[in-house]
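Chain and residue survey
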Amino acid sequence: MTEISGFPRRETLKSGLAVTIRPLRVDDREKIAAAVRNLDRESIYFRLFSYRKELTEQGLDRIMAVDRPGEVVLVVTQDTGDARVIGSGVRSFAAGERM
């Protein structure tokens, strides 16, 4: 997976929840799947463009395989004992921008 300067980064959300923002790791696969399973029906629809209860293996493969030049998948983990993933997204970098 891609290394990126400035990450991991610890932040506190407005709600007071302590989180860590960091690049996706190979061992995050089940954590990503669990995060999707915990979303409500509407959230899943807006993220995956269909109603389903969980990601397919192919869908997980696509998320885990993002390693294109200029892109990195960032995950947000809750700073608790299990460090469960509570969010993710792809960050694209413009030519010349430091990762």
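What counts, and where the lines are drawn
Residues numbered from 1 in each chain as written. Predicted model: local features only at pLDDT ≥ 70, side-chain atom pairs only at ≥ 80, totals over all residues. Heavy atoms only, no water. pLDDT = per-residue confidence, 0-100. Helix = DSSP H or I, 4+ residues; strand = E, 2+ residues; numbered from the N terminus. Buried < 20%, exposed > 50% of the residue type's maximum accessible area, 1.4 Å probe, protein only. Polar contact = N/O pair within 3.5 Å; in protein donor to acceptor, adjacent residues only side chain to side chain.

A word on the confidence of the model for the protein
Parts of the model with low pLDDT should not have their predicted coordinates read in detail. Across the protein, pLDDT averages 79, with 83% of residues at or above 70. Ranking the elements of the protein by mean pLDDT puts strand E4 (residues 85-92) last, at 68, and strand E1 (residues 9-12) first, at 91.

Some thoughts on the environment of Ser-15
Structurally, the position occupied by Ser-15 is in the loop between E1 and strand E2 (18-23). Among the residues examined, Ser-15 registers a relative accessible area of 63% and is labelled exposed. Separated by 3.4 Å, the side chain of Ser-15 and the backbone nitrogen of Leu-17 make a polar contact.

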